[in-house]
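So the chains spell out like this:
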Amino acid sequence: MASSKLDLHSLIVFYHVAREESITLAADELCLTQPTVTYHIRALERNIGIKLLDIKRQKVVLTQAGTGLYGYAAEINHQI
């Protein structure tokens, strides 16, 4: 079984994207570019091997796995 790496920065970016339901709003909030936010989301999905977000009509929709991870990401963000 391969070990997956969970990058804390990418997890926080995921939290903001999921909360705002928007890559653009999350990027503005985090003072990052949209491509940087997208990079972090894709890296997180690649590292854990699960699709977390779907983008439909420029709105971010969490997958079932994304919904599960969101609760943990929110708690980690709160603790930081």
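Everything that follows concerns the structure shown earlier in this document.
Residues numbered from 1 in each chain as written. Predicted model: local features only at pLDDT ≥ 70, side-chain atom pairs only at ≥ 80, totals over all residues. Heavy atoms only, no water.

Participant: If you had to explain the overall build of the chain to someone new, which residues and values would you point to?
Facilitator: Summing up its helical and strand segments, the chain has four helices and two strands in all. Overall, the chain shows an N-to-C arrangement of helices and strands of α-α-α-β-β-α. On C-alpha atoms alone, the chain measures out to a radius of gyration of 12 Å, which is about the 12 Å that the 2.2 N^0.38 rule sets for 80 residues. If one aligns the C-alpha atoms of the chain with their principal axes, the spans along those axes are about 35 × 30 × 20 Å. Taking all 80 residues of the chain together, 32% fall into the buried category. Within the chain, contacts between residues at least 6 apart in sequence are counted, and of these 53% link residues at least 24 apart. Taken as a whole, the chain presents about 5300 Å² of accessible surface, with 54% of it coming from carbon and sulfur. Distance between charge centres in the chain, computed from 8 positive and 8 negative side chains, equals 8 Å. (Helix = DSSP H or I, 4+ residues; strand = E, 2+ residues; numbered from the N terminus. Rg over C-alpha atoms; globule rule 2.2 N^0.38 Å. Buried < 20%, exposed > 50% of the residue type's maximum accessible area, 1.4 Å probe, protein only. Contact = heavy atoms within 4.5 Å. Areas by Shrake-Rupley, 256 points an atom, 1.4 Å probe, with all protein chains shown as cover. Lys, Arg positive; Asp, Glu negative; His and termini not counted. Charge placed at Lys NZ, Arg CZ, Asp CG, Glu CD.)

Participant: A description of the nonpolar core should follow, citing residues and the corresponding values.
Facilitator: Residues Phe14, Val17, Val37, Ile41 and Leu53 are the most contacted members of the largest nonpolar core, which totals 17 residues. For this core, the elements supplying multiple residues, two or more each, are helix H1 (8–20), helix H2 (23–30), helix H3 (34–48) and helix H4 (64–79). When residues in this core are grouped by element, the largest group, six residues, is from H1. With near-sequence residues (within four places) excluded, Val37 lies in contact with Val13, Val17, Ile23, Ala27 and Leu32. (Core = buried A, V, L, I, M, F, W, Y, C linked by side-chain atoms within 4.5 Å.)

Participant: Got a sec to walk through H4? Specific residues and values, please.
Facilitator: Between its terminal C-alpha atoms H4 stretches 24 Å, which fits the 22 Å expected from 16 residues at 1.5 Å a residue. Where H4 bends most, at Tyr70, the angle is about 25°. All of the buried residues in H4 are Gly66, Leu69 and Ala73. Packed against the buried residues of H4 are H1, H3 and strand S2 (59–62). (Expected span 1.5 Å × (residues − 1). Bend = angle between axes of the 7 residues up to and from the residue.)

Participant: How would you summarise the environment of Thr63 if you had to cite specific residues and measurements?
Facilitator: Within the secondary structure, Thr63 is located in the loop between S2 and H4. Taking C-alpha positions, Thr63 is 16 Å from Ala43, a pair spaced 20 residues apart along the chain. Apart from residues no more than four positions distant in its own chain, Thr63 is found in contact with Lys51, Leu52, Leu53 and Asp54. There is a polar contact of 2.8 Å between the side chain of Thr63 and the backbone oxygen of Lys51. (Polar contact = N/O pair within 3.5 Å; in protein donor to acceptor, adjacent residues only side chain to side chain.)

Participant: Provide a residue-level description of the packing of aromatic side chains, including the pertinent values.
Facilitator: For the structure shown, the criterion picks out one aromatic pair. Seen from their ring centres, Tyr15 and Tyr70 are 5.6 Å apart, and the 15° between their planes marks the pair as stacked. Of this pair, Tyr15 sits in helix H1 while Tyr70 sits in helix H4, and the two are 55 residues apart along the sequence. Assessed through its relative accessible area of 25%, Tyr70 is described here as partly exposed. (Phe/Tyr/Trp six-rings, centres within 6.5 Å; stacked < 30°, edge-to-face > 60°.)

Worth remembering: the numbers are spatial, not functional.
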